[in-house]
Structure formats: C-alpha cells, structure tokens
Amino acid sequence: MQPISDHELTTLEQKLRSFHDSQPLAACLFEFIFTRTPAQATYLIRQEPDFKVISFQKREQQAKHGHFDLDEASLAIPDEMLWLFFQRGMQLAPFYNYQAIPELSLDEAKYGHFGHYRGINLVQLHSEQLLLFIEFPQGAEMEQADEGDPNFVALFHQFALAIQVLELKKNAFQQNFERDRKEGFLQDEISRQKIFIEHMSKLQKVNIKLSDCPDLDSLYLNAVTSIREELGFDRASLYLIDHATQTMTGTYGTDIRGVTTDEYRANLKLSSLAPVFYEALSQPNENLIVLDDAPLYTLDEIVGKGWNAMLILRDGEHPIGWLAIDNLINKAPLHEYQKKLLNYYGAALAQQLVRRRSETDLIFLNNAISEMSNANSVLDVCHIAVKLARTKMHLDRVAIMLSNHDNTRLSGTYGTDVKGALVDESYYQAERPDTELMRLATTSSKSYCFMDPAPLYQDGKIIGYGWNIVVCLRSQDGIVGYLMADNLLHRRALNSGQKELIRLFGLNVAQMIAKRRIEEQVLALNADLEAKVAKRTFELETLNKKLEALSIEDSLTGLHNRRSFEQTLDNEWHRMQRLAKPLCLIMLDVDYFKQFNDYYGHLSGDACLKDIAEALTQVCHRATDCCTRFGGEEFIVLSPDTNIEQGQAMADKIQQAIAELNIPHQESKADSKVTVSIGIAALIPTTATTKEQLIELADKAMYEAKAAGRNRIIAHPAD
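Residue positions within a chain follow its written sequence, with the count starting from 1. Per-residue local features are limited, in this predicted model, to residues with pLDDT of at least 70; the limit for side-chain atom pairs, both in listing and counting, is 80 or more; totals at the level of whole chains, interfaces and linings are taken over all residues. Think of the side-chain values as coming from all heavy atoms in the structure, minus any hydrogens and water.

(A) Spotlight on the pattern of salt bridges. What counts as a salt bridge is simple: a side-chain nitrogen of Lys or Arg found within 4 Å of a carboxyl oxygen of Asp or Glu. This model, assessed by the stated rule, comprises 23 salt bridges. One salt bridge connects Arg536 with Glu539, and the closest N-O pair in it is separated by 3.4 Å. Of the two residues, Arg536 and Glu539 both sit in helix 12 (residues 496-552), three residues apart, roughly one turn of that helix. Between Lys594 and Asp598 there is a salt bridge whose closest N-O contact spans 3.1 Å. One end of the pair, Lys594, and the other, Asp598, are both in helix 14 (residues 593-600), four residues apart, so they sit about a helical turn from each other. Overall, Asp598 belongs to the exposed group, its relative accessible area being 55%. By the criteria applied, helices consist of DSSP H or I runs no shorter than four residues and strands consist of E runs no shorter than two, each listed in order from the N terminus. Accessible area is worked out with a 1.4 Å probe on protein chains only. A residue is then buried under 20% of its type maximum, exposed over 50%, and partly exposed in between.

What follows is the structure in structure tokens.
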C-alpha cells in the first residue's frame, strides 16, 4: 500500500470536515479502503455490552448504516477475537491481524482461518474506541502500515474525531427552559413548600428505613426504591466510585417502565460522564447537578429526553458514589423544593453508606473468624470460607486450593461450579499453574492479583472471560494455598474496597487453615502417642500375665507349682473352715521313676511327667480342684468340699487314667508300664488342726502305699 502524501492527507481531512452526517463520512472511509487495497468488506464496529456494527460495506455494494448485530452484518468472527482487537490493538500500526497482537497465543487450528481480517483502532474523544475491521481475500499479502508514515494514523484519527464531533452535535445539550409566569410563581411556590414539608416527613421515614437495612446490598436496593416510591421521582440508579481504577460500578437502577433492576454488571469509566458531571465530582461544595432537556440513559443506551440529575454522595469532600435521577416516565419538571429534598437525602444516604461499609466489613470479618474457628478440620475451614464468600460477599464463584510443602502442587477443597453451586472439589490434584495471575499473586507484596479481563477456568478449562482475582494464603510458615474468585455468572464489577475486603478475608482464611493444621498435627501426635502408650501398656500387661503365670505354674507340666499350691491351700483351708466342710488332699508318686530316667533318658522322663499331668487335669476338672507338681515325680491334688470316700473315688480315676496312658517301664518292679502310688487324706479344718497335718497324713498314706508294693492307693482318714 502506497504511503499517503501530505497533500492527499490535507484533501481527505477537508473532505471529512465537510460532512454533516456520519453515514457519508463512513462511506468516504470505505471508498478510501477499497480504492487503495484489495479489501472485500469493511466494518465499523463499536464495543458496547455487545459488539455492534454501525456501518459496513462489501465491495461492489452499497454501504449500510445503523445498529447491526454481527450476524446481521454477515460478520462471522468470534467475540473473543474482536475483544482482543479492541483491548490489545490500540498501540499497533494499521492493518494488523490477530497474529500481531503482543503476548498472545491462540489455537491456530481454531482461529487460523481468521488471519485475513485486519484491524485499525480509531480513538475518539473521552477515550472511546471504534474498530475499523477489514476483510481481505484469503491468502492476500497485506502487511501492517509502516510506522514511519504518520499520515495513516493521522487520517484514521481525523476520521474518529469527525465521527465524534457529529455525534456531539447530534446529542448537544439544549438549554431551553420555560419559566412560569410571574403571576403563578408565588402560588406554585406555596404549594411546593407544602409538598416539601410532606416529603421531609417522608424523608425522615426513609432514613429510618435505610438505617434498618441488614447489609450493603439491601441498602443499595432501598436507596434506589425509596427515591421512587417514597420521594416520588421517576427513575434512579446508584453508582459507586472506584478511584483506584477511575471507574463507576452499578448497583441497582430503574428500567424504562419504572421497574427496579440489577445493574451490578455495569462498569463504566468516569471519563464517559458528561463533562459537567465529571467536573462536579472534584467540586466539594456541589452535590446536585441537573441537566435540562438532556438525553436520558439506561446504562449506556439512550432511552429518551428530559431533565437528568446527578446527586453526588461524599465522605467529607471525597466522592464515594452518586445517584442518577431523571423524569423519563412522567416528564414532571424538577422544582427547587425537590432539589433541596434530594440534597438532604444525598447527605443522609452518604452517611449511611460510609457507616454501613465500615460496620459491614468489620462484622463480616469478625463473624467469619468466629465461624471458621468452630471448624473441625482444614477442609471444614475451606467449606465455611467458600460458603461465606458466596453468601455474604456476593462473589459469583469462589474456590480454595491448598498447597503442598514447596508450593509446587495444588489440591482442591471446596469451590463453586459453573452455576454457582457449592461443590466438593477435593478430587482435584494438579501442578500449580504457571500463569501470570498465579505468579503475580505469589510474588506481590499485597498477596493478591486482580486481572480484568481475564480467562475464567473450571477444572483447567476456559469457560468464559471476566475479572479474576487470586489471593495467596500465607501463614508464618509459608504459603498454605490460594483463594480464587471471578464474576462468571452475574458479571458484577469489583471495586477497590471489595478487593481489599477479599484480601483481608484471605488473611483470616490463611490464619485459620494454619491454626487448624497445627491442631490436626497435635491431635495426630496425641493419637499416635496414645496408641503407642496403649500398645506398650498392653505389652506390659501381657508380660505381667506371663510373669505371673510363670510365678504360679510349673514350667514343665503347666500345673500349679509349689508356691501356688501353698497359697491355694491357705485360701481353701480358711474357706472350708468357715463352711465347716472337708478338704481332701491326694498325693501321688511315680513308681521307680529314677530307674525310668536312667533307662529311657531324661527327655522321656519329662514327657512322662507331662502325660501324667495331663491325665490329672482331665480327672480333676472342677474349678476348685488344684493339681500341683509338688516336686520331682510327686504330684498333689487339692480338692475342697471332698470327703475321704469322694477322694478315694477320685484317686481310683487318677490311677486308671495313668494306667491307660500305657507308658512302658521295663525297669519297674510293680508293672511293665508306668504306675503311681497314691496317698489320700481328708479332714474338716478347725482351730485344732493345721494344714501341715493334712499334708503329713497324705504323705504318710502315700509312703504306706509304696511300702505295700507300690501301684496302689492308701486312704488315711483323720483321727
């Protein structure tokens, strides 16, 4: 494309200034493009809530002008690509395509076939933009304009200025007020004063109503509805000022039918205000500005004509917001008494806003700490935090991710899905994303990063665009996680005060997570310690039982040992003495056991004793019977509440059981198998008898049995 000479530029600028309508102005620009380039179509696009084509023309066809959707203009281009041209193309030379946009990486498979579209950004007054969007033939060679040729940029800026001048002329404010006749002024003034007194009474009730609002959102809503319902004005909208970004964000407003609407998604530049309104913000003594015979708007769309008032709300001299009020519906004039009423109302509302903002933030943070303090676990802290952010801070979507010890991986806790429902996201495990937003949040001194516009994600996938804020959750020990929020659902703007509240909330969440983690670690350590103590106690108890068993058991046979026998005898002796019942003692000795050991060996001898012990326990199986290895090859059976006859029967069974063992004994002179000699004694314990006497009687009987030839039973009754 050949450079534009200074003469051509001067001629074109004169031609542009000669037009009195924007339509031939656009047609002139299109003709210039078609004459000097192989363009197939040209589009003049304005960025509104939705992209609108205000003029377009295809080669060899007539230009069309109006307010067209992209489809109506046959422009099949993705919204996100147009958004990039508007937001990122301001500093690029004319005729750039999307590939020239810096710091941008788009999917070539999806967007590659849009490379033949070229853009030229036209900057107008008040920082508004128009995009001249040009479609070239596929494959056509078209380079960006040389940045060394300023005439290209000058021409397009002149066109933008010419468009703006025409619009300003078209929408110029008119100041033709009709004055009441002198004769009716006093009467009207008296009537107005009466109405003013009535409205002041209403205003008092409105102030009470505003002071009773439970939260800021309710205060915003009542501030708008009270203007209409109690004070009698047609329409009102409340905007809050964010000085950090030089923007104004909507809250609630009124549509053309007088119905209250949610305008939270409105986010406009302060510079877009009418100059008289914008200048009034910096004039601390001027709070009510009225434009008569002015265009009336709903958001940024003109809906009629009438008086338009700006009621500025101030914290001292500092503007914090304003009410837009007009007479679109009933077209009633604005009287002096109404202006006074609005000034009173604005002062009262401003006080309520300042007080309620501080109270609401402090109450919310205090209540949040209280609720999170009652959490039972780290996950419970995150669940409460996400729920509070959704319900109390009115954030569209919130999620909390926890970091590992070196902040390289993130694990999900709780969050919100694409519909805003609170969901368990503990399933999510991934590497920490290396995005600009995450990096800035991690390294920023403020511990958060806000980006608008930005891509919005769900499970790692882009699901839309809007503002996105990431708060790095830090404790004394380091980073514990991240709190993330966006405006996917309602597109509400976020002012600097809300950002600061989110930051403070993030600090509280981080402290609660760190505190709960320490508590969980202490509980885990205590539980581990208790488990170890319980295990050690059990081991000690088991060992004590084993030691106790060893102290009362014979290690070879498992029967009671002599110590246990003596203790049992003492106990049973006194028990039978109290009951006046007999106590029987059976003593037995293995016949010729020394010869058995000498012949068969000591291991066989031990086995023999074990078998005899087993036979004793099978015969003497009552719980009170005490079978004892008394020493060497001698055994004793102590049987309470057993007389001499019963003892004789028990001894017979013992002798029979041992005989049935059939243990060979070649060296025995009593039999060819192992036998025993048994002595029995029984008596009723009294103060005149002793335990030793019972043992001696049984021992004497046993030795009599041995003397009589062994393998027999001798009973020795008491004298």
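Still more to cover.
(B) Region of the structure containing the packing of aromatic side chains. Planes of paired rings set the category: under 30 degrees apart is stacked, over 60 is edge-to-face and the rest tilted, where pairs are Phe, Tyr or Trp rings (Trp by its six-membered ring) whose centres lie within 6.5 Å. Overall, the coordinates contain 17 aromatic pairs when judged by the stated rule. Aromatic pair Tyr117 and Phe133: ring centres 5.2 Å apart, planes at 10°, arrangement stacked. In this pair, Tyr117 is assigned in strand 4 (residues 117-123) and Phe133 in strand 5 (residues 129-135), connecting sequence segments 16 residues apart. By relative accessible area, which is 7% here, Tyr117 ends up buried. A relative accessible area of 0% places Phe133 in the buried class.

(C) Inspection of helix 17 (residues 691-707) at higher detail. Between the first and last residue of a helix there are one fewer steps than residues, each counted as 1.5 Å, and that sum is the expected span. The end-to-end C-alpha distance of helix 17 is 24 Å, a good match for the 24 Å that 17 residues give at a rise of 1.5 Å each. Of all the positions in helix 17, only Leu694, Leu697, Ala698, Ala701, Met702, Ala705 and Lys706 are classed as buried. Immediately beyond the C-terminal end of helix 17, within one or two residues, lies Gly709, with a positive phi of roughly 120°.

(D) Geometry of empty space enclosed by the protein. Grid spacing is 1 Å over the protein atoms alone, the probe is 1.4 Å, and a cavity is where that probe fits but cannot get out, while a pocket is an open set with protein on both sides within 12 Å along at least five of seven lines and lining residues have an atom within 4 Å of a point. Grid points are joined across faces, edges and corners, and a volume is the space filled by probe spheres set on the points. This structure, assessed with the given rule, holds one cavity of 30 Å³ or more. Here the largest cavity defines a volume of roughly 60 Å³. Looking at the lining of the largest cavity, the elements that each hand over two or more residues are helix 1 (6-17), helix 2 (22-36) and helix 5 (150-170). Just so you know the grouping, Ala, Val, Leu, Ile, Met, Phe, Trp, Tyr, Cys and Pro go in nonpolar, Asp, Glu, Lys and Arg go in charged, and all remaining residues, Gly too, go in polar. Each residue belonging to the lining of the largest cavity can be placed in one class, and the counts come to seven nonpolar, no polar and no charged.

(E) Region of interest: the layout of surface pockets. A volume near 1,200 Å³ is recorded for the second largest pocket. Residue lining of the second largest pocket: 42 residues in total, with Thr435, Pro455, Tyr457, Ile462 and Asn468 positioned closest to the centre. Secondary structure elements with two or more residues in the lining of the second largest pocket: helix 3 (79-88), helix 4 (108-111), strand 14 (397-403), helix 11 (436-443), strand 19 (448-458), strand 20 (461-475) and strand 21 (478-486). Counted by class, the lining of the second largest pocket contains 24 nonpolar, seven polar and eleven charged residues.

(F) Just the sheet that holds strand 14, in detail. At least two bridges found by DSSP between two strands is the condition for calling them paired. Strand order in the open sheet made by the six strands is 18-15-14-21-20-19, with antiparallel pairing throughout. Looking along the sheet, the strands with just one partner apiece sit at the ends: strand 18 (429-431) and strand 19. Averaged over all pairs of adjacent strands, the angle between their axes in this sheet comes to 35°, without regard to strand direction. Against the sheet, helix 11 makes contact with strand 15 (409-412), strand 19, strand 20 and strand 21, and its axis sits at roughly 20° relative to strand 20, the strand it touches most. Note on geometry: axes are C-alpha line fits, over the in-contact stretch for helices, and angles between N-to-C directions span 0 to 180 degrees. Two residues form a contact once any of their heavy atoms are found within 4.5 Å.

(G) Molecular detail of the packing of helix 1 against helix 2. In the contact formed by helix 1 and helix 2, the axes pass within 10 Å of each other and the chain directions differ by 150°. Looking at the two axes, helix 1 sits roughly antiparallel to helix 2. The segment helix 1 lies against helix 2, with Glu8, Leu12, Lys15 and Leu16 engaging Leu25, Cys28, Glu31, Phe32 and Arg36. Each residue belonging to the contact of helix 1 with helix 2 can be placed in one class, and the counts come to five nonpolar, no polar and four charged. Any angle between 65 and 115 degrees counts as roughly perpendicular, while under 35 counts as roughly parallel, over 145 as roughly antiparallel, and the rest as oblique.

(H) Highlighting helix 11. Among all positions of helix 11, only Leu437, Met438, Ala441 and Thr442 are buried. End-on, the buried residues of helix 11 take up no more than an arc of 125°, which puts them together on one face. Think of it as the arc spanned by the lines of direction from the helix axis to the C-beta atoms.

(I) Spatial organisation of unusual backbone geometry. Looking along the chain, the bond that leaves Asp452 and enters Pro453 is cis, with omega of 0°. Mapping Pro453 onto the fold places it in strand 19. The phi torsion at Ala580 lies on the positive side, around 60°, for a residue other than glycine. By the element assignment, Ala580 lies in the loop between helix 13 (562-579) and strand 22 (583-590). The phi dihedral of Tyr592 is positive, around 55°, even though this residue is not glycine.

(J) Structural view of the nonpolar core. For our purposes a nonpolar core is just a set of buried Ala, Val, Leu, Ile, Met, Phe, Trp, Tyr and Cys residues, chained together by side-chain atoms within 4.5 Å. Of all hydrophobic cores here, the largest spans 35 residues; its most connected members are Met372, Leu395, Ile400, Leu473, Phe505 and Ile513. For this core, the secondary-structure elements that each account for two or more residues are helix 9 (336-373), helix 10 (378-391), strand 14, strand 20, strand 21 and helix 12. With eight residues, the top contributor of residues to this core is helix 10. The residues touching Phe505, leaving out its near neighbours within four places in the chain, are Phe364, Leu365, Ala368, Met372, Ala385, Leu388, Ala389, Met393 and Leu483.

(K) Structural view of a nonpolar patch on the surface. Together, Tyr457, Ile462 and Tyr465 line one region of the surface with nonpolar side chains, adding up to about 290 Å² of accessible area. When you line up the elements, Tyr457 lands in strand 19. A patch consists of residues exposed above 30% relative accessible area that lack any salt bridge, with like charges linked at up to 9 Å and nonpolar side chains (Val, Leu, Ile, Met, Phe, Trp, Tyr) linked at up to 5 Å. For every accessible area listed, the method is Shrake-Rupley and the probe measures 1.4 Å; residues are considered covered only by the protein chains on display.

(L) Spatial organisation of the side chain of Asn97. Among the structural elements, Asn97 can be located in the loop between helix 3 and helix 4. The term polar contact refers here to a pair of N or O atoms within 3.5 Å; inside protein, the definition further demands a hydrogen-donor-capable atom paired with an acceptor-capable atom, and it admits residues adjacent in sequence only when both atoms are side-chain atoms. From its side chain, Asn97 meets the backbone oxygen of Gly115 in a polar contact 3.3 Å long. Sequence-distant contacts of Asn97, that is, excluding residues within four places in its chain, are made with Phe85, Gly115, Tyr117 and Arg118.

(M) Highlighting the environment of Phe565. When you line up the elements, Phe565 lands in helix 13. Through-space distance from the C-alpha of Phe565 to that of Thr261 is 97 Å; in sequence the pair is 304 residues apart. Other than its neighbours up to four places away in sequence, Phe565 contacts Leu585, Thr628, Phe630, Ile636, Leu638 and Ile695.

(N) Representation of the pairing of strand 13 (residues 318-326) in the model. Strand 13 sits mainly inside the fold: eight of its nine residues count as buried. Note that strand 6 (residues 235-242) and strand 13 share six bridges and pair antiparallel. Directly across from Leu238, in strand 13, lies its bridge partner Leu323. Strand direction decides the pairing type here: strand 12 (residues 301-315) and strand 13, joined by eight bridges, are antiparallel. Paired with Ile312 across the strands is Trp322, a residue of strand 13. Linking strand 12 to strand 13, which pair antiparallel, is a turn of two residues; within it Gly316 sits at a positive phi near 70°.

(O) Quick peek at the sheet that holds strand 13. With respect to topology, six strands assemble into an open sheet ordered 10-7-6-13-12-11, the strand pairing being antiparallel. Both outer strands of the open sheet, strand 10 (267-269) and strand 11 (288-298), are each paired with one neighbouring strand and no more. Put simply, the sheet's adjacent strands are angled 35° from each other on average, direction ignored. Where helix 7 (residues 216-229) meets the sheet, its contacts fall on strand 6 and strand 13, and the angle it forms with strand 6 comes to roughly 145°. Where helix 9 meets the sheet, it contacts strand 6, strand 11, strand 12 and strand 13, and its direction lies at approximately 55° from that of strand 12.

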